[in-house]
Amino acid sequence: MSDPYDDQNIFAKILRAEIPSFKVYEDDETYCFMDIMPRTRGHCLVIPKTPCRNLLDATPQQLADCMATVNRVAKAAKTAFNADGITLWQFSEAAGGQEVFHLHFHIHPRHAGVPIRPPGVMGDMDEIKNHAEAIIAALE
Ligand code: 5GP
């Protein structure tokens, strides 16, 4: 049995604007922002605006809403970084690699032969801001 949703998680605080984030895109159902410890250039996260711990308690509608945003932002990120492809990650529960317990999808623009960087390294905030602006400029 999983723990219940905790509205004090970092992404819930970002949704309530209690802590800042570099916004890439939002609609009524979803929010997309840059990861502050980016493991690829342009690493960003898509979350539902409604409470949800991870894939295991998500409703079909939350997943559908997130996927629509993932699709939109992934195409923009591929264009913005002239990437060769996209890697999409979703981790559920600690054993699955999840650290923040609000459903999220990682979008990684990928270049052939360039590996994903190790976790836990804080990014340069000016660079992350520039990367957010590059994706925003490529959104259709
Ligand atoms: P998980 O392992 O839960 O799938 O990934 C959580 C992600 O959230 C990590 O990639 C981590 O870098 C990112 N992250 C952690 N704290 C913050 C934060 O305060 N702001 C942002 N934008 N990202 C965060």
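Residues numbered from 1 in each chain as written. Predicted model: local features only at pLDDT ≥ 70, side-chain atom pairs only at ≥ 80, totals over all residues. Heavy atoms only, no water.

Undergrad: Explain the packing of helix α2 (residues 60–80) against helix α3 (residues 125–138) to me, and be specific about the residues and the numbers.
TA: For the pair α2 and α3, interaxial distance at closest approach is 8 Å and the crossing angle is 110°. With respect to α3, the axis of α2 lies roughly perpendicular. Note on packing geometry: the crossing formed by α2 with α3 is right-handed. Here Val-73, Ala-76, Ala-77, Thr-79 and Ala-80 of α2 lie close against α3, whose contacting residues are Ala-134, Ile-135 and Ala-138. Tallied by class, residues from the contact of α2 with α3 come to 7 nonpolar, 1 polar and no charged. (Axes fitted to C-alpha atoms, helices over the stretch in contact; angles between N-to-C directions. Helix = DSSP H or I, 4+ residues; strand = E, 2+ residues; numbered from the N terminus. Parallel < 35°, antiparallel > 145°, perpendicular 65-115°, else oblique. Left-handed = near helix turned anticlockwise from the far one by under 90°. Contact = heavy atoms within 4.5 Å. Nonpolar A, V, L, I, M, F, W, Y, C, P; charged D, E, K, R; others polar.)

Undergrad: Account for the sheet that holds strand β1 (residues 23–26), naming residues and giving values.
TA: By definition, the strands of a sheet pair up through backbone hydrogen bonds, in either a parallel or an antiparallel sense. Spatially, the 5 strands line up as an open sheet ordered β1-β2-β3-β5-β4, and their pairing is antiparallel. Whereas interior strands pair on both sides, the edge strands pair on one side only; in this sheet they are β1 and β4 (85–89). Strand-to-strand twist in this sheet, taken as the mean axis angle between neighbours without regard to direction, amounts to 20°. Sheet contacts for α2: β1, β2 (30–34), β3 (44–48), β4 and β5 (105–110); angle to β5, the most-contacted strand, approximately 20°. Each of β1, β2 and β3 is contacted by α3, which is oriented at about 35° to β1, the strand it contacts most. (Pairing = 2+ DSSP bridges.)

Undergrad: So, α3: which residues are in play, and what are the values?
TA: Between the first and last C-alpha of α3 there are 20 Å, a value that for 14 residues agrees with the 20 Å anticipated at 1.5 Å per step. Along α3, the residues classified as buried are Ile-128, His-131, Ala-132, Ile-135 and Ala-138. One side of α3 holds all its buried residues, which, seen down the axis, span an arc of 130°. More than 90 degrees from the buried face of α3, the exposed residues found are Asp-126 and Ala-137. Packing partners of the buried residues in α3 comprise β1, β2, β3 and α2. Its side-chain oxygen at 3.1 Å from the backbone nitrogen of Asp-126, Asp-124 defines the N-terminal cap of α3. (Expected span 1.5 Å × (residues − 1). Buried < 20%, exposed > 50% of the residue type's maximum accessible area, 1.4 Å probe, protein only. Arc of directions from axis to C-beta. Polar contact = N/O pair within 3.5 Å; in protein donor to acceptor, adjacent residues only side chain to side chain.)

Undergrad: Got a sec to walk through the side chain of Thr-40? Specific residues and values, please.
TA: As for its placement among the helices and strands, Thr-40 is situated in the loop between β2 and β3. Judged by its relative accessible area of 7%, Thr-40 falls in the buried class. At a separation of 2.8 Å, a polar atom in the side chain of Thr-40 contacts the side chain of His-108. Setting aside chain neighbours within four positions, we find Thr-40 in contact with His-108, Pro-109, Arg-110, Ile-116 and Arg-117.

Undergrad: A description of the layout of surface pockets should follow, citing residues and the corresponding values.
TA: Taken as a whole, the largest pocket holds about 620 Å³ of empty space. Of all the elements in the fold, those that place two or more residues in the lining of the largest pocket are α1 (10–15) and β2. For the lining of the largest pocket, the element with the most residues is α1, which contributes 3 residues. (1 Å grid on protein atoms, 1.4 Å probe; cavity = no way out; pocket = protein on both sides within 12 Å on 5 of 7 lines; lining within 4 Å. Points joined across faces, edges and corners; volume = space filled by probe spheres on them.)

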